[in-house]
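Residue-level listing of the chains:
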Amino acid sequence: MTAAWSYGAQPPGGDPLRPGAAPAAIRAALLEEDRPRFDAAYEQALGVARESLELTELFRCLEHWRRLALLQRDPDRFASIARRAAERLTGDPVPADEPLARTRRRAGL
């Protein structure tokens, strides 16, 4: 699989997390605890692109994190999604006071 890249000017004022979002916009929308994981994944994907001269893995990485950033830009909604996912996957209710990190581990997020 190869990736095609093109550049089109995006109008100002649009959603910064629309497809093709800048890595800085993606990182800024992530929860603070996920930023180091994003940094590591982004650096690894850049290294692969540098070595292979192929951008597919870089685009795949950015799209994965962009989608997560879309969910995380509303932290309360993200916590609710994580709770529902954990409950469905485990079949057990998630206590309201459970830390988000623990709920995310249960949900595989």
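The present account deals with the structure reproduced in this document. Bear in mind the structure is a predicted one, so any value in this text is a computation, not a measurement. (Residues numbered from 1 in each chain as written. Predicted model: local features only at pLDDT ≥ 70, side-chain atom pairs only at ≥ 80, totals over all residues. Heavy atoms only, no water.)

Let us look at the pattern of salt bridges. Taken as a whole and judged by the stated rule, the model has eight salt bridges. In this structure, Arg 66 engages Glu 63 in a salt bridge whose closest nitrogen and oxygen atoms are separated by 2.8 Å. Of this pair, Arg 66 and Glu 63 both sit in helix H3 (residues 56-72), three residues apart, which is roughly one turn of the helix. Residue class for Arg 66 comes out buried when judged on its relative accessible area of 9%. A salt bridge links Glu 98 to Arg 106, with the nearest nitrogen and oxygen atoms 2.5 Å apart. (Salt bridge = Lys/Arg side-chain N within 4 Å of Asp/Glu carboxyl O. Helix = DSSP H or I, 4+ residues; strand = E, 2+ residues; numbered from the N terminus. Buried < 20%, exposed > 50% of the residue type's maximum accessible area, 1.4 Å probe, protein only.)

The subject of this paragraph is the packing of helix H2 (residues 35-52) against H3. At a minimum axis separation of 8 Å, H2 and H3 run at an interaxial angle of 165°. When the interaxial angle is binned, H2 and H3 end up roughly antiparallel. The two elements H2 and H3 meet at a crossing, and its hand is left-handed. Every residue of H3 that contacts H2 at Arg 37, Phe 38, Ala 41, Tyr 42, Ala 45, Leu 46 and Val 48 is listed here: Glu 57, Leu 58, Cys 61, Leu 62 and Trp 65. Residue classes in the contact of H2 with H3 are distributed as 10 nonpolar, no polar and two charged. (Axes fitted to C-alpha atoms, helices over the stretch in contact; angles between N-to-C directions. Parallel < 35°, antiparallel > 145°, perpendicular 65-115°, else oblique. Left-handed = near helix turned anticlockwise from the far one by under 90°. Contact = heavy atoms within 4.5 Å. Nonpolar A, V, L, I, M, F, W, Y, C, P; charged D, E, K, R; others polar.)

A few words now on the nonpolar core. Across soluble globular proteins, you tend to see nonpolar side chains buried next to one another. Judged by nonpolar contacts, the single largest core of 15 residues is most densely connected at Leu 17, Ile 26, Leu 30, Phe 38, Trp 65 and Ala 69. At the level of secondary structure, the elements contributing two or more residues to this core comprise helix H1 (23-29), H2 and H3. A per-element tally of this core places H3 first, with six residues. With near-sequence residues (within four places) excluded, Trp 65 lies in contact with Ile 26, Leu 30, Asp 34, Arg 37, Phe 38 and Ala 41. (Core = buried A, V, L, I, M, F, W, Y, C linked by side-chain atoms within 4.5 Å.)

Our next topic: the packing of H3 against helix H4 (residues 75-90). It is at 7 Å that the axes of H3 and H4 come closest, and there the two elements cross at 105°. It follows from the interaxial angle that H3 and H4 lie roughly perpendicular. In this structure, H3 contributes Leu 68, Leu 71 and Gln 72 to the contact, and H4 contributes Pro 75, Arg 77, Phe 78 and Ile 81. The residue makeup of the contact of H3 with H4, split by class, is five nonpolar, one polar and one charged.

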